[in-house]
Amino acid sequence: MYLPKKYQGQEEMVPEFIRSYPFATLIGFADGQTLINHLPLNFEDHALWGHLAFANPSWKLMVGQQVTAIFHGPHSYIDHRWYADPSKEVPTWNYAVVHVQGVLRSLHTRPELIQALDRLQKAMISAPTWADHTPPDLAAEGVLEKSIVGLKIEIEDIQVKNKMSQNKNEENRQRVIQHLANSGRADDLATANYMRKLYE
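Residues numbered from 1 in each chain as written. Predicted model: local features only at pLDDT ≥ 70, side-chain atom pairs only at ≥ 80, totals over all residues. Heavy atoms only, no water.

Asks: Describe helix 3 (residues 110-125), and please don't skip the residues or the numbers.
Replies: When the terminal C-alpha atoms of helix 3 are compared, their 22 Å separation across 16 residues agrees well with the 22 Å that a helix rising 1.5 Å per residue should span. Three or more residues of helix 3 are buried, namely R110, L113, I114, A116, L117, D118, R119, L120 and Q121. (Helix = DSSP H or I, 4+ residues; strand = E, 2+ residues; numbered from the N terminus. Expected span 1.5 Å × (residues − 1). Buried < 20%, exposed > 50% of the residue type's maximum accessible area, 1.4 Å probe, protein only.)

Laid out in structure tokens, this is it:
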């Protein structure tokens, strides 16, 4: 990822970022193929945890391979007319992303799979564990193991990019935040709030 120093984010923000934006694009390469999957992942114990459908063939190809998980944060179009002197500006796009690289391992035992589902449910809705409300058709021994495969990504590298008007002065940053906050679009409001937090 192209990552100028001014846009580099701190690794300490990654757990909260992933909790807020857990739906990831998981990319791997095997047998001359580019393998792309979309799934929620949890950050815990310096690893990413999740699961895929057992019938999905890509996990077998990615096991033991280095993969990249991309987490997309808020992003918005920035109009050059929002700046104090539009004649000297061009439109751009503000965005935040986290790239996590590591080796993918598969998890197959029933306790591991239940733990993967529990992690997801706890992260999303803070509800009682998934195991407490197991659907009857998954309760029988062996059924869950044929339905999903657990994933653990052992993290080797993390990159954080916050391209959020760092190249502008305080006045123009505040003008951008105000326009985003007033746009009426949910994505723009999320970007405005992210920028406020970044600069507070």
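Following the structure, the description resumes.
Asks: Explain the packing of helix 5 (residues 170-181) against helix 6 (residues 186-199) to me, and be specific about the residues and the numbers.
Replies: Think of two packed helices as two axes; the pair is described by the angle between the axes and how far apart they sit. Their axes nearest at 7 Å, the elements helix 5 and helix 6 cross at an angle of 145°. You can see that helix 5 and helix 6 cross each other, and the crossing is left-handed. For the pair helix 5 and helix 6, contact is made by R173, V176, I177, L180 and A181 and by D188, L189, T191, A192, M195, R196 and Y199, respectively. Split into classes, the residues belonging to the contact of helix 5 with helix 6 amount to 8 nonpolar, 1 polar and 3 charged. (Axes fitted to C-alpha atoms, helices over the stretch in contact; angles between N-to-C directions. Left-handed = near helix turned anticlockwise from the far one by under 90°. Contact = heavy atoms within 4.5 Å. Nonpolar A, V, L, I, M, F, W, Y, C, P; charged D, E, K, R; others polar.)

Asks: How would you summarise the packing of aromatic side chains if you had to cite specific residues and measurements?
Replies: Inspection of every chain in the model, using the stated rule, returns 4 aromatic pairs. Geometrically, the ring pair formed by F54 and W59 is tilted, given 5.4 Å between the ring centres and 50° between the ring planes. On the basis of relative accessibility, which here comes to 28%, the residue F54 falls in the partly exposed class. When its relative accessible area of 6% is taken as the criterion, W59 is described as buried. Taking the centre distance of 6.2 Å and the plane angle of 65° together, the rings of Y77 and W93 count as edge-to-face. Placement of Y77 in strand 5 (residues 66-78) and of W93 in strand 6 (residues 92-107) is noted, with a sequence separation of 16 residues between them. Looking at W93, the relative accessible area reads 41%, which means it is partly exposed. (Phe/Tyr/Trp six-rings, centres within 6.5 Å; stacked < 30°, edge-to-face > 60°.)

Asks: Would you mind going over the side chain of N42 in detail, with residue names and values included?
Replies: Within the secondary structure, N42 is located in strand 3 (residues 42-44). The residues touching N42, leaving out its near neighbours within four places in the chain, are A47, L48, W49, R119, L120 and A123.

Asks: Can you lay out the pattern of salt bridges for me, pointing to particular residues and giving the numbers?
Replies: Applying the stated rule across the entire model yields 10 salt bridges. We note a salt bridge from E44 to R119, for which the minimum N-O separation is 3.2 Å. Here R119 lies in helix 3 and E44 lies in strand 3, a separation of 75 residues in the sequence. A salt bridge links R105 to E154; its shortest N-O distance comes to 3.3 Å. With R105 in strand 6 and E154 in strand 7 (residues 148-163), this pair connects stretches of sequence that are 49 residues apart. On the accessibility criterion, E154 (31% relative accessible area) is partly exposed. Linked through salt bridges whose partners overlap, the residues forming this network are R185, D187 and D188. (Salt bridge = Lys/Arg side-chain N within 4 Å of Asp/Glu carboxyl O.)

Asks: Now, about the environment of L48: what can you tell me, with residues and values included?
Replies: With respect to the element layout, L48 can be found in strand 4 (residues 47-53). Distance in space between the C-alpha atoms of L48 and L104 is 9.1 Å, their sequence separation being 56 residues. For L48, the contacting residues outside a window of four places in its chain are I18, L41, N42, F43, A69, F71, V100, L151, K152, I153 and I155.

Asks: Go over the sheet that holds strand 5 with me, naming the residues and quoting the values.
Replies: Read across the sheet, 7 strands follow the order 2-1-5-6-7-4-3 without closing on themselves; strand pairing throughout is antiparallel. Only two strands of the sheet have a single neighbouring strand rather than two, namely strand 2 (33-40) and strand 3. Taking each pair of neighbouring strands and ignoring which way they run, the sheet shows an average axis angle of 35°. In the sheet, strand 5 pairs with strand 6 via 11 bridges, with the strands oriented antiparallel. Directly across from A69, in strand 6, lies its bridge partner V100. Lying on the sheet, helix 6 is in contact with strand 5, strand 6 and strand 7; it crosses strand 5 at an angle near 100°. (Pairing = 2+ DSSP bridges.)

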